[in-house]
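Notes for the structure review
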Amino acid sequence: MIRMYNRRRFVGIAAVAAAAVLPGKSQAPPGAKPALRLGLILGAGNDPDAAIRKVHDLGFPTCQVGVSSFAPEMAERLRAALGRYNIEATSLVSGGPGPEIYDFYQGPLTIGLVPRQYRDARIAQIKRTSDFAKLCGVPAVQTHCGFIPENPNDPVYKETVDAIRTVAAYCRRNGQNFRCETGQETPITLFRAIKDVGLDNVGVNFDAANLILYGKANPVDALDILGPFVQGIHAKDGLYPANARELGREVPIGQGKVDFPSFIRRLKEIGYRGPLTIEREISGPKQTEDVRAAKIFLEKLTG
Ligand code: MG
């Protein structure tokens, strides 16, 4: 069974992130009409061929993919599947090792490069992801860096920036971009961190819903800050937190607080030409049903 990528299911799994060539602008063939192509994020599991076939059968030209094995044989199978179905993997998604609990209380202690307890292991994991991505010909690695401290004087802020620089430099040597996925930090904090890292291959995978789910920002407005760094998009929808203790609820695209017409209009205004990668964090037939509906919804806005 092929599961689409679900972050919460991904906990503890050795994952890899995929890539994209700089801000997406270089992905359009010369002379082609600029377009925001659609994509899907999913896990390759033990059967990359079936996963990529699913992307193809749903009618997407691109995907972001996570893997559960870094074996060279698995890289070859993924690379072959991408070629067979003519799918462009725009990034390889890295997560773990160790627990990553996506909430307000355990999240700061477990997610990404922020917690000291897991930092070295995650740096190693991202490096493995980068090497795997290189074998597959995938041009970017992405991950959640975590609840980066708002206070730039906090020692953990500097440590996190140093960790991001370490992995981004590694990706750079492999000819890849490194993308921080939005969510746990405010847009200005991510902007500051990227500037402080100071490498030209660091960008953002902008998850439209996460900023809402975490109560951090309106995604349309956040593009005013993060726009120059956007290299990938997660097309996802959600609601703001309903209480002080729990994240907001993810919902099907079009049913949440993301103003997709304004969001896509703004992406076009800032010159974004990369993919819109649909993410739906549930599993089973309803997930596929929602992805199909999201595709139709987004095609009306991007065409
Ligand atoms: Mg996401």
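Look up: the structure comes first, before these words.
Now for a description of the structure that goes with this document. Every residue gets a number counted from 1 within its own chain, in the order that chain's sequence is written. Residues qualify for local features only when their pLDDT is at least 70, as the model is predicted, and side-chain atom pairs are given and counted only at 80 or more; totals for whole chains, interfaces and linings, by contrast, use all residues. Water and hydrogen atoms were dropped before computing side-chain values, which therefore reflect all heavy atoms in the structure.

Observations concerning the overall build of the protein chain
Within the protein chain, the regular secondary structure consists of 10 helices and 10 strands. Looking at the protein chain as a whole, 57% of its 303 residues qualify as buried. Should any heavy atoms of two residues lie within 4.5 Å, those residues are considered in contact. Contacts in the protein chain between residues at least 24 apart in sequence constitute 78% of all its contacts with a sequence separation of at least 6. Summed over all atoms, the accessible surface of the protein chain reaches about 12000 Å², with 53% contributed by carbon and sulfur. The numbering of helices and of strands both runs from the N terminus, where a helix is a DSSP run of H or I of at least 4 residues and a strand a run of E of at least 2. Summary of the burial criterion: residues with accessible area below 20% of their type's maximum are buried, those above 50% are exposed, and those between are partly exposed, where the area comes from a 1.4 Å probe applied to protein chains only. Using a 1.4 Å probe, the Shrake-Rupley method yields the accessible areas, and only the shown protein chains count as cover for residues.

Looking at the pairing of strand β4 (residues 140-143)
A regular strand places its side chains so that they alternate between the two faces of the sheet. Here β4 shows a buried face lined by A140 and Q142 and a second buried face lined by V141 and T143. Relative to β4, strand β3 (residues 88-93) is paired through 2 bridges, and the arrangement is parallel. Bridging across to β4, L92 finds its partner in V141. Pairing between strands requires that DSSP locate at least two bridges from one strand to the other. Bridge analysis of β4 against strand β5 (residues 177-181) gives 4 bridges, and the strand direction is parallel. From the neighbouring strand, Q142 faces β5, where its bridge partner is R179. Classification remark: right-handed applies to a crossover when, strands pointing away from the viewer, the course from the first strand over the helix to the second runs clockwise. With respect to chirality, the unit in which β4 leads through helix α5 (residues 155-173) into the neighbouring parallel β5 is right-handed.

Some details on the nonpolar core
Side-chain atoms within 4.5 Å are what join buried Ala, Val, Leu, Ile, Met, Phe, Trp, Tyr and Cys residues into a set we call a nonpolar core. If you look at the biggest cluster of nonpolar residues, it comprises 75 residues, and the most contacted ones within it are L78, F132, F178, F206, F263 and I278. Among the elements that line this core, the one with the most residues is α5, at 8 residues. F178 has contacts with I126, V141, T143, C145, I164, V167, A168, C171, N201, V202 and G203, leaving out every residue within four places of it along the chain. Among the nonpolar cores identified, the runner-up in size contains 7 residues, and Y102, L213, Y214 and L247 belong to it.

Some remarks on the coordination of the magnesium ion
Counted as coordinating are nitrogen, oxygen and sulfur atoms within 2.8 Å of the metal, or 3.2 Å for Na, K and Ca, while water is not included, which may make sites look incomplete. Coordination sphere of the magnesium ion, protein contribution only: E181 (OE), D207 (OD), H234 (ND1) and E279 (OE), at 1.9 to 2.2 Å. In the primary structure, the donors to the magnesium ion are separated according to the pattern E-x25-D-x26-H-x44-E. In this pair, E181 is assigned in strand β5 and E279 in the loop between β10 (276-278) and α10 (285-302), connecting sequence segments 98 residues apart. In terms of burial, E181 and E279 fall into one category: buried.

Comments concerning the environment of L267
Looking at where L267 falls in the secondary structure, it is placed in helix α9 (residues 260-269). Relative accessible area serves as the criterion here: at 0%, L267 is assigned to the buried category. Spatially, the C-alpha atom of L267 lies 9.1 Å from that of L36, the residues being 231 residues apart in sequence. Contact partners of L267, with chain neighbours within four places excluded, come to L223, I233, Y272 and L276.

Digging into the state of the cysteines
Only a pair of cysteine sulfur atoms within 2.5 Å qualifies as a disulfide here. Under the counting rule described, the total for this entry stands at 0 disulfides. Looking at C145, it has no disulfide partner, and the nearest cysteine sulfur is the one in C180, 3.7 Å off.

Quick word on the sheet that holds β4
An order of β1-β2-β3-β4-β5-β6-β7-β10 is seen for the 8 strands of this closed barrel, with the pairing classed as parallel. When strand polarity is set aside, the average angle formed by the axes of neighbouring strands in this sheet is 30 degrees. Note: strand β6 (residues 202-207) against strand β7 (residues 230-235), 4 bridges, orientation parallel. Bridging from a neighbouring strand, D207 pairs with H234 of β7. Throughout, an axis means a line fitted to C-alpha atoms (over the contacting stretch in the case of helices), and angles, computed between N-to-C directions, take values from 0 to 180 degrees. Against the sheet, helix α6 (residues 187-197) touches β5 and β6, its axis set at about 160 degrees to β6.

A short note on helix α4 (residues 116-136)
For an α-helix, the turn length of 3.6 residues means that residues three or four places apart are oriented alike. Taking 1.5 Å per residue as the helical rise, α4 with its 21 residues ought to reach 30 Å, and the 30 Å between its terminal C-alpha atoms agrees with that figure. Among the residues of α4, Y118, R119, R122, I123, Q125, I126, T129, S130, F132, A133 and C136 are the ones counted as buried. Buried residues in α4 make contact with α2 (72-84), β3, α3 (107-110), β4, α5 and β5. G137 lies just past α4 and shows a positive phi near 75 degrees. For a helix, the expected span equals 1.5 Å multiplied by the residue count minus one.

A short note on α6
Of the residues making up α6, those classed as buried are P187, T189, L190, A193, I194 and V197. For α6, the angular spread of the buried residues around the axis is 165 degrees, confining them to a single face. Looking at the packing, one finds that the buried side of α6 touches α5, β5, β6, α7 (210-213) and α8 (219-226). Two residues or fewer past α6, G198 is found with a positive phi of approximately 75 degrees. The arc in question is the one spanned by the directions pointing from the helix axis to the C-beta atoms.

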